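Okay, here's what each chain looks like letter by letter:
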Amino acid sequence: MKTYDVVIVGGGIIGGAIAFELAGRKLRVAVLDRQGLMGEASWAAAGMLSPAPDCAAAIPLVPLGRASLALYPKFVEAVEEASGLKTGYRTGGAIEVITRGDAGRELSTLVALHHGLGLACEPLPLDEALAMEPGLGREALAAALLPEECSIEPRALAAAVLAASASVGVTLRPGVEVASLALDGEKCVGVRTSRGEIYYASHIVLAAGCWSSQIPEAARWAPTVPIRGQMAALRHSGTVIRHVLRSEHGYLVPRGSGTPQTVVVGSTIENSGYEKRVTWGGLEKILAAANELTPELRKAEIIETWSGLRPGTPDQLPILGPAEIDGLVFATGHYRNGILLAPVTAKLVGEWIAEGGTGVEWETFSPLRFERARADRAAIA
Ligand SMILES: Cc1cc2nc3c(=O)[nH]c(=O)nc-3n(C[C@H](O)[C@H](O)[C@H](O)COP(=O)(O)OP(=O)(O)OC[C@H]3O[C@@H](n4cnc5c(N)ncnc54)[C@H](O)[C@@H]3O)c2cc1C
């Protein structure tokens, strides 16, 4: 019989970060993944660590994003020390470029919105922006510096989190697919695999990314959906890009600061089911955005293209915390921000499991909110 203190369903960055946290608290932890670990959204991500909201729906997430960004230096230090691996973490900020419309007014709105949310953001005169990023396109009408934003290399981070988890005693089980929860009345006592084995544990964490909704007993609290993002990696020997560059059409994330330099460009936001194809239209969109930001990149070599499935939710917010089954905790639905939110998610779930409560308010992200919304709609109808 396989018995642990905690079984985590899903070995992406969320499951991995939680495992590392809990094993550090001396709990016996197993991570089950139906394929290789860290092979899905966490592998596909760009690695921007940006708590800035990309739309109105994401505004409630800003405090959690800020809290996670603040945890990042210690998280990286702990993971790098335990694993002996580097994560590509870099500070230095991001530059947001405005290329359309009434740029002056858009810049004022952007700065005011950020300040209202407690996020650092400064107007950046175009000559200063060009001094910081000489490759910036002449289509830039205005720019802002987001000095606190950072970035990381998700694949390096993923490898480091796995190695760090293994080093503190986490049992990693690739190739183990969870088919259902093992319930004893109102209590979750473990998980049943597709081969019929049961892994018993006092606590089960559901961190199966966009597939969380496929665990039958948990689906009503975790209505996750896949949202595809297409990406490309370019290698160039031109002007080195030092900051994350963003516009409303896409982004560039530089890796390293030498030449030739690799730059990751993204991304599309598509409802295409569980389909991970890279399409001509998708690439055209992200390469056009890259061209607008730094036209010099037209000379770059395309060294890789890929896509990944973000774990989306109906309200674009993550699903965190307990529901109505004892022993079950949700840590899923991180949509566009799972790399950013990994440290704070690990901290919250760790506190909940090891201490029975959390220091940060997470009611906004409760898995119960979807049922409450359904009940409210039914009452109105
Ligand atoms: C193109 C793209 C760009 C992105 N850029 C950024 C970014 O710049 N910054 C940022 O913060 N976030 C970004 N994200 C979002 C981020 O990647 C995700 O939010 C995050 O990786 C989600 O992590 P996860 O562990 O929940 O899911 P995943 O990494 O998808 O892991 C889930 C795991 O669960 C496993 N699994 C599923 N079902 C089962 C089952 N039944 N049994 C066992 N295992 C199962 C899967 O095999 C998988 O390994 C991006 C995502 C994409 C796709």
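An account of the accompanying structure is given in this report. (Residues numbered from 1 in each chain as written. Predicted model: local features only at pLDDT ≥ 70, side-chain atom pairs only at ≥ 80, totals over all residues. Heavy atoms only, no water.)

1. Some words on helix H7 (residues 280–293)
Thinking step 1. With 14 residues, H7 should cover 20 Å at 1.5 Å per step; its first-to-last C-alpha distance of 20 Å lies within 8% of that length.
Thinking step 2. Regarding H7, the residues found buried are Gly-282, Leu-283, Ile-286, Ala-289, Ala-290, Glu-292 and Leu-293.
Thinking step 3. Each element contacted by the buried residues of H7 is listed here: strand E4 (94–98), strand E12 (225–236), strand E13 (244–247), strand E14 (250–255), strand E15 (261–266) and strand E16 (301–312). (Helix = DSSP H or I, 4+ residues; strand = E, 2+ residues; numbered from the N terminus. Expected span 1.5 Å × (residues − 1). Buried < 20%, exposed > 50% of the residue type's maximum accessible area, 1.4 Å probe, protein only. Contact = heavy atoms within 4.5 Å.)

2. Side note on the side chain of Arg-246
Thinking step 1. Summarising the element assignment, Arg-246 is placed in strand E13.
Thinking step 2. Contact partners of Arg-246, with chain neighbours within four places excluded, come to Met-48, Ser-50, Ala-52, Ala-94, Ile-95, Glu-96, Val-97, Leu-146, Glu-149, Tyr-251 and Leu-293.

3. Digging into the nonpolar core
Thinking step 1. In this structure, Ile-8, Ile-18 and Val-205 are the most contacted members of the largest nonpolar core, which totals 48 residues.
Thinking step 2. Counting residues per element, the ones that place at least two in this core are strand E1 (2–9), helix H1 (13–24), strand E2 (29–33), helix H3 (62–83), helix H6 (154–167), strand E18 (328–332) and helix H8 (338–355).
Thinking step 3. No other element matches H8, which puts nine residues into this core.
Thinking step 4. In contact with Ile-8, not counting residues within four places along its chain, are Gly-15, Ile-18, Ala-19, Val-29, Ala-30, Val-31, Leu-32, Val-205 and Ala-207.
Thinking step 5. Residues Leu-32, Ala-218, Trp-221 and Ile-325 belong to the second largest nonpolar core, which totals 26 residues. (Core = buried A, V, L, I, M, F, W, Y, C linked by side-chain atoms within 4.5 Å.)

4. Brief notes about the environment of Thr-268
Thinking step 1. Mapped onto the secondary structure, Thr-268 falls in the loop between E15 and H7.
Thinking step 2. Taking the C-alpha atoms as reference, Thr-268 lies 8.1 Å from Gly-250; in sequence the two are 18 residues apart.
Thinking step 3. The contact partners of Thr-268, leaving out residues within four places of it in the chain, are Arg-228, Gly-229, Gln-230, Gly-282, Lys-285, Ile-286 and Arg-310.

5. Topic: the pattern of salt bridges
Thinking step 1. Under the criterion given, the structure shown has 18 salt bridges.
Thinking step 2. The salt bridge involving Glu-40 is made with Lys-276; its shortest N-O contact spans 2.9 Å. Placement of Glu-40 in the loop between E2 and helix H2 (41–44) and of Lys-276 in the loop between E15 and H7 is noted, with a sequence separation of 236 residues between them.
Thinking step 3. Owing to a relative accessible area of 37%, Lys-276 belongs among the partly exposed residues under this scheme.
Thinking step 4. Salt-bridge contacts for Lys-347 lead to Glu-351; the nearest nitrogen and oxygen are separated by 2.9 Å. Here Lys-347 and its partner Glu-351 are both found in helix H8, four residues apart, which amounts to about one turn of the helix.
Thinking step 5. Given a relative accessible area of 27%, Lys-347 falls into the partly exposed group.
Thinking step 6. Residue Glu-351 is classed as buried on the basis of its relative accessible area, which comes to 9%.
Thinking step 7. Connected through shared salt-bridge partners, Glu-21, Arg-25 and Glu-355 make up one network. (Salt bridge = Lys/Arg side-chain N within 4 Å of Asp/Glu carboxyl O.)

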